[in-house]
Every structure is written in C-alpha cells, then in structure tokens.
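Per-entry structural report
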Amino acid sequence: MSLGAFVFLSPWLLTGLAALPLIYWLLRTVPPRPQQINFPPTRILVGIENREKTPATTPWWLLLLRLLAAALVIFALAQPILNPSKDQPVAGEGPLLIVVDNGWASAPRWSERITMAERMIDLAERDSRPIMILPTAAAAKSPTLRLESPPDARTTLGAVIPQPFAPDRVGSLAALTSAFGAQTPDGTAVVWLTDGIAHDEAADANFADSLKAAATSGSFVVIADDAAGAALGLTAEVGADGKLSARVTSTGGAAHAGVLQAFSAKDEQLGEATFALDVNETSTTTSFELPLELRNQITRIAISGMPSAGSVHLLDARDQWQRVALLSGEAREKAQPLLGPLHYIEKALIPFAEIVKPAGANLAAGVDEALQRNAGIIMMADIGTLRGAVAEDVRDWVSKGGILVRFSGPRLEKGGDDLLPASLRIGGRTLGGALSWSKPQPMAAFPDDSPFVGLPIASDVRISRQVLADPTKLTGQTAVWASLEDGTPLVTARKLGDGQLVLFHVTANSDWSNLPLSGLFVDMLRRVSAMARIGGGAPTDDTTPSITTSAQTEAATDGDASASAPAASLTNLPPLQTLDGFGALRPPPPTARALTLSQLDDISPGLDHPPGYYGPGGSPRSLNVMRHTDDLKPLPTPAGAEMRGFTEEDSTPLKPWLLAIALTLLLVDVIAVLLLQSGGRLFKSRGNQPSAPAPASAAGIIIIAVAASAFALTTTTPNAAHAQSPLANTTPSVSQPVDAAAAAIAALATSKVTIGYVVTGDDEVDQISRVGLAGLCRILTLRTAVTPGDPMAVNINDDVIAFYPVLYWPVLENAKPLSEETVAKIDAYMKQGGMIIFDTRDHGLGTPSSLGLGLDETPLQRILARLDIPRLEPVPEGHVLTKSFYLLRAFPGRWDGGQLWVEAGAVEAQDNPNRQARQADGVSSILITSNDFASAWAIDERGRPFYPTVPGGERQREMAFRTGINIVMHALTGNYKADQVHVPALLERLGQ
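Every value quoted in this text rests on a predicted model; they were computed, and no experiment measured them.

Along the protein chain, the regular secondary structure elements total 24 helices and 36 strands. Relative to its 992 residues, the protein chain shows a buried fraction of 49%. The long-range fraction of contacts in the protein chain, counting pairs at least 24 apart against all pairs at least 6 apart in sequence, stands at 75%.

Following this line, the structure appears as structure tokens:
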C-alpha cells in the first residue's frame, strides 16, 4: 500500500487506528489530585472538609498527546517507507539470488552497490526469504555458494570486495549451476547488480539468459549505473615522438572530463594532464609534456577521483624512452644509406629511443660524447678491439650500469677483447655459397631465460655468416640469448658489474643475414633497450626499496638478471606487488602465481595473475587490466529484465523515527501528570510550611526530559553509525594503589581461565588481538566445558605473566630486542608450563618465512634471539595439537597456507635431560604461525566477522576457530589425548 511518497510494508496494522475511540474513552480522566492537609499535633481533625470529591476531567491537550502517541505507534508498526523507489518489492516467494559484479569496473561506486544489496537483503528478511550471494569475480578458485538467512547473507556480503580483474561470468554460472542444480527452486527471484560493461559479449548474453531462466515465477531485476556513472579505462604508452601518451576509454553515452595524474615509484606526483570525452565519444588521447629524465621516472598513471584497477596503468622499463648512442668504425655512407652499418639500428630504435649520433668518426671522441650525454646504451657496429683509455672508460661505464651492445663484422673476425661476453674464434663461419656444403641457417626458438622469449621468429630469417664463440672458453657467466638451429650462439651476453655486455654474432646490416630486415630485429632491440637506465653510469639509489625506486635508477630488466642468475629467474616472474580492486598497489594475495615472459603480453589478469608488477625487485614487468587496443562496450539490456538504477533518491524507513517521537510524547506525558498531581507547581520543603512555586525547577525537569528524548531519538535513528561495543576494560583504575591494582589483576586473571595478549603499542593490532581473543572465548564457552574470562592485555616488560596459560603475541615489523629481565621472565614462563603463540601475520602479505630462515634478521628473530627456545618443527602428523578437541590437518587463520611450528619431540632427552622438562605434560611451550589467528577469530557479539578469511571464506574461519580451540585445550589438558585409550575412537572418526 502506498500513499504519495510513502509505502506501508504492513498496512493491515493500520486497522489499529479503529481503537483510538476506545483509547479516548479510557483516557478521559485522571485520578483526583491528593488533598493537602496541615497536621498540627494539637488539632488533628479541625478544618477537615468532609465532602465527596469527583474526578477531574483530563485536559484536552494531555488527551491529544496520548492519542497522538498511540497513533504514532500504530503507524510505526505498519512500517512506513519514505521514497520507496529503491525498496520496491521483488516478486516471488522463493529464494532471492543477489548477483554482484565485483570486478574492477564496480570499484568506483562500490558503496552504492553494497547499499543496494543490503536493501535487497532487508526486503528478503521482511518476507522471510532465504538469500544467496553470488559475486561474479571470485576471490577463491572454488567459491562456495549456499542459501543463507539474512544475517548470514549480510556477513557474506561484507566479505565481498572489488577484484582487480574482469568478472568471470562463465565461472559464476557454473558455480550457480553447481549450487542449485539444473533447476532453481520455485519462486526464485534474481537481482543482478551489474557494472554495465560487456566484458565478453557472447558469454554475457548467455549469462543474462541463464539468470532470466533462474528467476522461476519471480522477478529478474537488473540494477546498473547510468552512462555518467560508468567506469573509465586507462592505457598509456610512449609514442613515436617520445611523448608519454594516455588513452581514456568509456562505454559512451555521456560526457566525461577529468585529470590524469602521473606518479613516480615513490608516489610523488610528477605531472598531470586533462582529458575530455564528448557525448557518445568512447576514447580520447592526451599527452604528458615532461623532460626525458623526468618522464622516465613515471611508473604509474591514474585517473584522479576514480579508484579502480582499470583506471590505473603501470609502467615499466618497456615504456621508457631510452637514450642510445650509435658508434661505427666506418664513415657513414651518405649516398647509399642502406649499406651503412648503423642504418637499420637507427630505424629500429627511432620509435622508442632518443638517438645520440656523434658528429665525427673518432671513436674516442664518440665514446666521450655518449658518456657526456648520459646514454643508457652504446651500440657499436663492426668495431674491433677496444684499447687504452677508451676501453677503460667504457669498462667503467658498463660496471656502473651501462649496456654495451656490439655487432659483428670483418674486424671482429680477427679476434676481440675483454669487453665481449665470450671469447671468439679467429675467422668467421660462412653458411652457404659456392665453396660451402652448408646452407644458411634459420634461428632456433629463444630459451626461457632469454629476454627475447615469447617473440615470434619469422620462418624466412636466415643467417649466412657469423663470428663464432670459442666453445672451449664458454663459462656459466656467458648467457646465450639466441642461437641457430644447429645450436651455434647468435646473441650472447655477460654481466659486468651492474651493466651488461651483449654481442650480436652478425652484422647490423644485411651483409651477413636478413635479420636486420625483419620485424624481429626491431623487437629484439626494443627488449635490449628496455634493460637500460638513463645515464647508465649513474649510481643506483640503494637506500630505496627496489620496487619503489624510479625506473631511471633501477631499470635493469629481466635480461639484466639472465646473465648471472639461474634460468628460473626469467622462466617464472613471481608477483612482486599487485593492484587491488580500487587501484592501490598492495603485497600480492596468496592466490597470485608467477608467470613467464612469454605469457606477459598475452595473458589476461585474473585470480591467479592479478594486475601488478612481476619479476625481480630491481627490474619488474607490469601487467595491466586494460591493453592498448581494448575498448569498453556497454552491456546490452537483458531480455525480460526489469531495469533499475543506483542513482534514485534514497528511501528511508520511518518506523524508528515514529517510535522515537512516540517515546518522547510518553515522557512528556509522565512529566505532565506529575505536574498535575502536584497542583501545577513544585514544592520545596521548608519546615512545616509549603514553599512558593518553583517554576525554574519545573523548567529544569522539562529540559531534562527533552534531552532524554533527544538521546532516545538519536540512538534509535536509522543508519546511525554505531561503533562495535568494546569489551569492558578489566584493568583497575590507575588511581588505585599499586599493590591493590596488582592484587585486583591477579584475582581477575585467576578467577577464570584467562588468555592474555601482549600489548605491542600499535592500537590497531592490539584492538585486533583483544577482539579476536574475545571471539575465541565466546566460541570456547559455546562448544566446550571451558568458561574463560575476558582476555587481558599484558605488558610483557612490566606485568606478571604467570597467571595466563596462553599468551598471544602479534609480532610487528618494528619489534625490538627484549631486555635481560624480560627474557628471563619469558624463559621461566615457558619452562613452567606456559604457552606463547607468536603470530607474525605475514603469510597473506607475501613476505618470507615466519622463522626468517634467510640471511636477513626478521622481527621474530629479534624477539627470540636471546630466548632459550627448544628445537622447532612443523606440526607433525599425529601431534596432540591435531586431536586435542577436533581432528585437524591444517591450522589456518585469516590466511591459509602458512606453517604452524611447535616444539619438536624430545628426541634429545638422553643427551640433554633438561630438554624433556621443556614440555610440561607434553604441552609445546611455543607456537609460531604466520596465518594471523586473531583476525580470523575477531567477531562481534552477534557473531559477525570483522575481517574476511582468504581464500577459504567462512569454511576457513570455522577451521580457524577449531584451531584456536585445539590450542587452548592442548594448553589446558596437555598430552591427555595422546593416551592409548583414545586410539579406537580416533580411528573410528578417521574411518580407518
């Protein structure tokens, strides 16, 4: 039922208005005002009037006040809605399927999508309908879909976040079919919150048809952004003129204007450019006007005010405009340029490099000019032996990061020098011709550790002559980047200091091969130039982390590493930093996998390969959501769908407001009755005489009543921000004496089983520890016989820790070594039966092992350095911790995959009797994990989680709680479950 801009969700309750006349009749009168009598001791009965009193009628304003309050309650129970456009009912009486596009295009207006999904859940809750949440960009490889109650659906929705890749609607359809089967239940309604973009037209059409078919006798509602609110895509590249250009794309239909911002790897804004898209215009291009040195420092371009992975483009060394010096041992052939030794190199480099061509033919002067111009690469064509000061200058320049690329020719057939990657045999090799039995050789496929891997090799490329590397002097320091089909090296490289020596075993013109005439030659030179840094001799900024160092000072590429690193360094490019759905660089998620150079240009970002930086820290390669040729197309309107939008005016439930106003009126009614019963005035006792009226006091009571009403109104107002109620602070007041405070803490900690958490000084981490342990304690109370008290904060340096059977210790990056007194206290605690859980919380951040088994000192090592800790091992099969309450095989937290380390078995008991005593009743004194237990345990009083669990979702959270229960039961019961009496029951549970 609707009335103008109102809708009553329970209109039948409005029949209660018929009871207002009865309420009017009941409220007509109030009890008579009590008579006031003086009671002097000598005259008890004199002056008393003995006549019958009749009740006074209720004042009209009080009667109206009560009737209005009753009417407001009736209206509130009918659940009126203001501006109900967003709360239109969804037809059907069966389950409600909410499909949420949570790919990169949904991120800019994500809050509106979540708000809309929550409104749909509210509608389903009013109709008592089960709900299924289906995100189309899954955060796990095997998403689990199930029908849930509305509270559980809100929890599931809270864990859905934008992903930095396009939705997988085909995979979502398969998951939906697996959950529902071939036929969805009768009365199912489908609401699709789409991003409005056609990522795959055929797959999207099939997906829409399947959703329409799933809406059996129910609504199929599609909610989409308008054209003005659609996401924008961004790509960037260096143009032929050396300018960094950016291309902005949209789905068309509306005008867009904005600002592009260019950032360095240190997040410094280096420049900006404006863009504008007219109505129905789908793309536009703009350029950044910056000097070469500054332009090469740009590593990221983003659309201002649009947080999305598709609105960010990451740059790497391939996108830089390099400065290359070209030197030759011959004079340039002005009349016949096609025969010149540098002609093809220059033509190949012009589209992506600034060419430095010394004016004279003097080699020493040319090298000096190239160094003064800060060239990142020097390419020499048919220059024989480098000697004297020239050789020393070039060697020093390469050692500081320069790249020397040399092409063979008749001069190198006579031998080389030590500025070549390999020793050469005297004399060249001729393939084909009248006096040769051999034929010109084609090229073999590039090896996996070559920077050229993935480049297609034209079948008509033939090598007819080359210089040969001496096979007897080839060492592991020389890398073969390209070879002929018979295995003869064609391109070799060797690392020299921070730079590279590269040799093409053929000429740079067409004398010895047709390679310079092919497009492969251009691609090969581009790969080599991407290895350079501007001013190769400039020192590297070692004070800045590799990934956050500008491309200008950290531009050694994968080829840089190939000459000195194993082949695996290029075969697999591990994820270094990845974009989240909102376009921010983060540590890679646990699902991210390495990729190869051959995949880099063709692979589409997804769950296994999110967009970001891949490869070694000093020379990463970028993977972006949008490619240079990608366009955004609008999603066609699905057939038979009811279309709605996100931009409608918000609807407001009026029930809380009406109840709050009714409560206010009832409070005013109470005050009015008190004033009427006191004769309209307040009295102050002054001996035996009544005092004069106190209107100020009456006004004070009314003010207090109004203030109380306002408080009630604000606490019942819908959409008010309510913080999670923190647990009561059990620490005694600092105003108490020290001894009394310590006694109070001791009494509180020993009154129940109490788990402590070490205070780190980081408020956020300490809050997570407190809430997480409180959530674990609630689960312990529900599932076990243990009734723990509230977790208590522990200052590891000052507080007594003997009261706590378990201490949870989150390890921060800035953890400091412990004092001698603290070390002694912790050592005594562990030896006397206490258990400490060290949680480094770093598995989901892609950092190294928690134990820090590498060469660098880790925060955990700084804490444990002086502790007498036992030998550790991963939890072995059959350990008591795997069966102390639940049967477990893994021990996840917020992250899954990190190892849980425990005290090793007492294999050294005979050699060291004290070692056996370290395990008090079989309890491991120390546990080390990186899975972030506390975040997984953190739930509020209603059981709603604060943080998502990755990648297993709520199933993983359940296993995290079981892990916590097993740890506590292990600490309290020791090796009880290791007794032989439990073996039959355990074998039965295991099905053996």
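Looking now at the pairing of strand β12 (residues 283–288). Taken residue by residue, a regular strand's side chains alternate between the two faces of the sheet. Because side chains alternate across β12, one face comprises the buried residues T284, T286 and F288, and the other comprises S283, T285 and S287, none of which is buried. Bridge count for strand β9 (residues 244–249) against β12 is six bridges, and the pairing is antiparallel. Looking across to β12, one finds that A246 is bridged to T286.

Attention now moves to the environment of L63. Position of L63 among the secondary structure elements: in helix α2 (residues 60–77). Taking relative accessible area as the criterion, L63 reaches 10% and is therefore assigned buried.

Turning next to helix α19 (residues 820–831). Between its first and last C-alpha atoms α19 spans 17 Å; for twelve residues at 1.5 Å apiece the expected length is 16 Å, and the two agree. When we look at burial in α19, the residues that qualify are T822, V823, I826, D827, Y829 and M830. For α19, the angular spread of the buried residues around the axis is 160°, confining them to a single face. Exposed side of α19, more than 90 degrees from the buried face: E820 and E821 are the residues found there. Buried residues belonging to α19 abut β32 (806–810), β33 (835–839) and β36 (926–929).

Close contact between helix α18 (residues 763–783) and helix α23 (residues 953–973) brings their axes to 10 Å; oriented N to C, the two are set at 80°. Classified by the angle between their axes, α18 and α23 sit roughly perpendicular to one another. Within the contact between the two elements, α18 uses G775, L776, I779, L780 and R783 and α23 uses E958, F961, R962, G964, I965 and V968. Grouping the constituent residues of the contact of α18 with α23 by class yields six nonpolar, two polar and three charged.

A word on the confidence of the model for the protein chain. Any segment with low pLDDT has predicted coordinates that should not be analysed in fine detail. Averaged over every residue, the pLDDT of the protein chain is 78; the share at 70 or more is 76%. Contacts from residues 681–699, a stretch scored under 50 in pLDDT, to residues over four places away or in other chains number 18 contacts.

Attention now moves to the pairing of β33. Burial of β33 is extensive: five of the five residues sit out of reach of the surface. Bridging between β32 and β33 involves five bridges; their strand directions are parallel. By the bridge assignment, P810 is partnered in β33 with D839. Between the parallel elements β32 and β33, the chain passes through α19 in a crossover that is right-handed. Where β33 meets β36, four bridges bridge the pair, whose relative direction is parallel.

Consider a sheet: its strands pair through backbone hydrogen bonds, and that pairing is either parallel or antiparallel. Strand order across the open sheet formed by five strands is β5-β4-β6-β7-β28, with parallel pairing between neighbours. Of all strands in the sheet, those with a lone pairing partner are β5 (131–135) and β28 (642–645), marking the two edges. Sheet twist, expressed as the average angle between the axes of neighbouring strands with direction ignored, equals 20°. Of the strand pairs in this sheet, strand β4 (residues 96–100) and β5 are connected by five bridges, and their pairing is parallel. When the bridges of β5 are listed, V99 appears paired with L134. Each of β4, β5 and β6 (189–193) is contacted by helix α5 (residues 169–180), which is oriented at about 155° to β5, the strand it contacts most. Together, β4, β6 and β7 (220–224) form the strand contacts of helix α6 (residues 201–214), whose direction differs from that of β6 by roughly 150°.

Between the first and last C-alpha of α23 there are 30 Å, a value that for 21 residues agrees with the 30 Å anticipated at 1.5 Å per step. Most of α23 is tucked away: 15 of the 21 residues are buried. G974 sits one or two residues past α23 and shows a positive phi near 65°.

Attention shifts here to a nonpolar patch on the surface. On the surface, a nonpolar cluster with roughly 400 Å² of combined accessible area is contributed by W60, W61 and L64. With respect to the helices, strands and loops of the structure, W61 is situated in helix α2. Overall, W61 belongs to the partly exposed group, its relative accessible area being 38%.

Formed by 40 residues in total, the largest nonpolar core has its most connected members in I345, M379 and F452. Those elements that place two or more of their residues in this core are β15 (322–328), α8 (343–349), β17 (377–381), β18 (403–407), β21 (478–483), β22 (489–496), β23 (499–504) and α11 (519–529). Sorting elements by how many residues they give to this core places α11 first, with five residues. Those residues within four positions of M379 in sequence are excluded, and the remaining contacts are V324, A325, L326, L327, I345, L349, V405, F407 and L525. Counting 35 residues, the second largest nonpolar core, distinct from the first, contains I755, I768, L888 and F933.

Across all of its chains, the model carries 25 salt bridges by this definition. E354 serves as the salt-bridge partner of R373, at 3.8 Å between the closest nitrogen and oxygen. Of this pair, R373 sits in the loop between α9 (363–372) and β17 while E354 is found in strand β16 (residues 353–356), placing the two residues 19 residues apart along the sequence. By relative accessible area, R373 is classed as partly exposed at 35%. Connected through shared salt-bridge partners, D101, R169, D195 and D204 make up one network.

For the coordinates displayed, the defined rule picks out eleven aromatic pairs. Here the aromatic cluster, defined as three or more aromatic residues joined through ring pairs, consists of F407, F504 and F521.

Moving on, we get to the side chain of T882. The topology assignment puts T882 in the loop between β34 (872–874) and β35 (901–903). With sequence-adjacent residues up to four places away left out, T882 is seen in contact with V875, P876, L887, L888, F891 and N966.

With that settled, the discussion passes to the sheet that holds strand β10 (residues 256–264). Taking strand neighbours across the sheet as the criterion, the four strands line up as β11-β10-β13-β14 in an open arrangement whose pairing is antiparallel. Both edges of this open sheet fall to β11 (269–277) and β14 (312–314), since each of them pairs with a single strand only. Strand-to-strand twist of the sheet, defined as the mean angle between neighbouring strand axes without regard to direction, takes the value 20°. Bridge count between β10 and β11: eight bridges; the pairing is antiparallel. Counted as the bridge partner of A257 is A276 from β11.

Inspection of the secondary structure assignment puts L419 in the loop between β18 and β19 (424–430). Using a relative accessible area of 2% as the deciding quantity, one classes L419 as buried. For L419, the contacting residues outside a window of four places in its chain are L386, A391, V394, R395, L404, R406, L496 and L501.

Now for unusual backbone geometry. With an omega dihedral of 0°, the bond running from V950 to P951 counts as a cis peptide bond. For P951, the location among the structural elements is in the loop between α22 (933–937) and α23. Here S128, not a glycine, exhibits a phi torsion of approximately 55°, which is positive. Tracing the sequence through the fold places S128 in the loop between α3 (110–126) and β5.

Here we come to the packing of α5 against α6. Here α5 crosses α6 at 30°, and the two axes come no closer than 9 Å. Between α5 and α6, the angle falls in the class roughly parallel. Pair α5 / α6 crosses with left-handed handedness. Contact residues: α5 offers R169, V170, S172, L173 and L176, while α6 offers A203, D204, N206, F207, S210 and L211.

Criteria and thresholds
- Residues numbered from 1 in each chain as written.
- Predicted model: local features only at pLDDT ≥ 70, side-chain atom pairs only at ≥ 80, totals over all residues.
- Heavy atoms only, no water.
- Helix = DSSP H or I, 4+ residues; strand = E, 2+ residues; numbered from the N terminus.
- Buried < 20%, exposed > 50% of the residue type's maximum accessible area, 1.4 Å probe, protein only.
- Contact = heavy atoms within 4.5 Å.
- Pairing = 2+ DSSP bridges.
- Expected span 1.5 Å × (residues − 1).
- Arc of directions from axis to C-beta.
- Axes fitted to C-alpha atoms, helices over the stretch in contact; angles between N-to-C directions.
- Parallel < 35°, antiparallel > 145°, perpendicular 65-115°, else oblique.
- Nonpolar A, V, L, I, M, F, W, Y, C, P; charged D, E, K, R; others polar.
- pLDDT = per-residue confidence, 0-100.
- Right-handed = clockwise from strand over helix to strand, strands pointing away.
- Patch = residues over 30% accessible without salt bridge, like charges linked within 9 Å, V, L, I, M, F, W, Y side chains within 5 Å.
- Areas by Shrake-Rupley, 256 points an atom, 1.4 Å probe, with all protein chains shown as cover.
- Salt bridge = Lys/Arg side-chain N within 4 Å of Asp/Glu carboxyl O.
- Core = buried A, V, L, I, M, F, W, Y, C linked by side-chain atoms within 4.5 Å.
- Phe/Tyr/Trp six-rings, centres within 6.5 Å; stacked < 30°, edge-to-face > 60°.
- Left-handed = near helix turned anticlockwise from the far one by under 90°.

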